[in-house]
Amino acid sequence: MELKPFCEGIKLSPPAQEVVYGYDMDEQEYQSYKQHFHNNRFSFFERVKQVSEYRALFLYLFVRFAVDAHEEYQIRDIDNEVYFDTFSDIQLWCSTCKRDYDEYGIQEFSWLQEHVQLRLFRLGRLQFQPAAFDRDIELHGRMIYKNQVVLNVHIPEGEPLDPKRTKESFERAKAFFRGINPVFICHSWLLYPQLDEVLPSDSNIIQFQREFHIYEVDPNSREAEQRIFISVCSDPSSYEERTSLQRRAKAFLIAGNKLGSGFGIKV
């Protein structure tokens, strides 16, 4: 895999592609960064952050890491559709970086480490990440045990949460992770039970929530506000009302309610 077909394959925007193609780094320096990443990710992150335009450097490096990961995808016989879909997160987070910092780069660098180490895959609408469950729980007469490997579900931004597509993703995950029992967990603002007071019962979000048994709630999480309004404000009356979801959520918060997050499990 080469840089250009990769960038085009993940639909990286032309200005962001120019950042990647124009980055001045020789092969020896790149290999030094790559080895550092695989040896100690946390000190690697600190090293990169010392660079004045570190977000652009993270973009360049994660694109290169993703290109290098293609060989392992081929060894594991994972097709290019999954490869490009998985690494399309680089484009999503690059767009977020442009929105939040007015520069083409990557700020969510710790998240993307999962992709390049082949610990997370996008299968259609949803992403899946094998993980050890953190407790014992019984669901529908079935025990899920602490440290059992389950599939953590993540919901990328940018597309409707269409029920048909999410169902297809769950089915694809069962086939893709053949050695893992199909138990799915999810921690998200989308699983906060009181969303049914904000959204209509036939909304995509509520239909997605119904797929899970909610076993824990964090009412103090501000993730919902971050996702709905882009930034978190201490006074909810200052939030924008450009969408119906923003209008409903704002009114809900002004009334003294909270929009937290939920922990769900699906078998």
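All figures in this text were calculated on a predicted structure; none of them were measured in a lab.

### Some thoughts on the overall build of the protein chain
For the protein chain, the helix and strand inventory stands at twelve helices and eight strands. Computed over its C-alpha atoms, the radius of gyration of the protein chain comes to 20 Å, within 12% of the 18 Å expected for a compact globule of 267 residues. With the C-alpha coordinates aligned to their principal axes, the bounding extent of the protein chain is approximately 55 × 45 × 30 Å. Counting across all 267 residues of the protein chain, residues that qualify as buried make up 46%. Considering only residue pairs separated by 6 or more positions, the protein chain has 64% of its internal contacts joining residues 24 or more positions apart. Surface summary for the protein chain: the accessible area is close to 13,700 Å², and the carbon and sulfur share equals 46%. With 32 positive and 41 negative side-chain charges, the protein chain shows a separation of 4 Å between the mean positions of the two kinds.

### A few points about the side chain of glutamine 148
Locating glutamine 148 in the fold gives a position in the loop between strand E4 (142–144) and strand E5 (149–154). Residue classification places glutamine 148 among the buried residues on the basis of a relative accessible area of 17%. Look past the residues within four positions of glutamine 148 in its chain and what remains in contact with it is Ala131, Ala132, Phe133, Met143, Asn181 and Val183.

### Here we look at unusual backbone geometry
A positive phi is found at aspartate 77, a non-glycine position, where the angle reads about 60°. Following the sequence through the fold, aspartate 77 ends up in the loop between helix H5 (54–75) and helix H6 (80–87). Residues other than glycine seldom take positive phi values, yet isoleucine 230 does so here, at roughly 80°. Along the chain, the position of isoleucine 230 falls in the loop between helix H11 (223–229) and helix H12 (244–254). By relative accessible area, which is 34% here, isoleucine 230 ends up partly exposed.

Cut-offs used in this document
- Numbers given for residues are sequential positions, taken from 1 along each chain in its written order.
- At least 70 in pLDDT is required for a residue's local features to be given in this predicted model, at least 80 for side-chain atom pairs to be given and counted, and no such filter applies to totals for whole chains, interfaces and linings, which use all residues.
- Side-chain metrics in this entry use all non-hydrogen atoms of the structure; hydrogen atoms and water are not considered.
- We count a stretch as a helix when DSSP gives it H or I for four or more residues in a row; a strand needs E for two or more, and each element gets its number in order from the N terminus.
- Atoms counted for the radius of gyration: C-alpha only. Globule rule: 2.2 Å times the number of residues to the power 0.38.
- Note on classification: 1.4 Å probe, protein chains only; a residue is buried when its accessible area is under 20% of the maximum for its type, exposed when over 50%, partly exposed between these limits.
- Should any heavy atoms of two residues lie within 4.5 Å, those residues are considered in contact.
- Every accessible area reported is derived by Shrake-Rupley at a probe size of 1.4 Å, with residue values counting cover from the shown protein chains alone.
- Residues counted as positive are Lys and Arg, residues counted as negative are Asp and Glu, and His and the chain ends are not counted.
- The location of each charge is read from NZ of Lys, CZ of Arg, CG of Asp or CD of Glu.

Nothing here speaks to function; it is geometry throughout.
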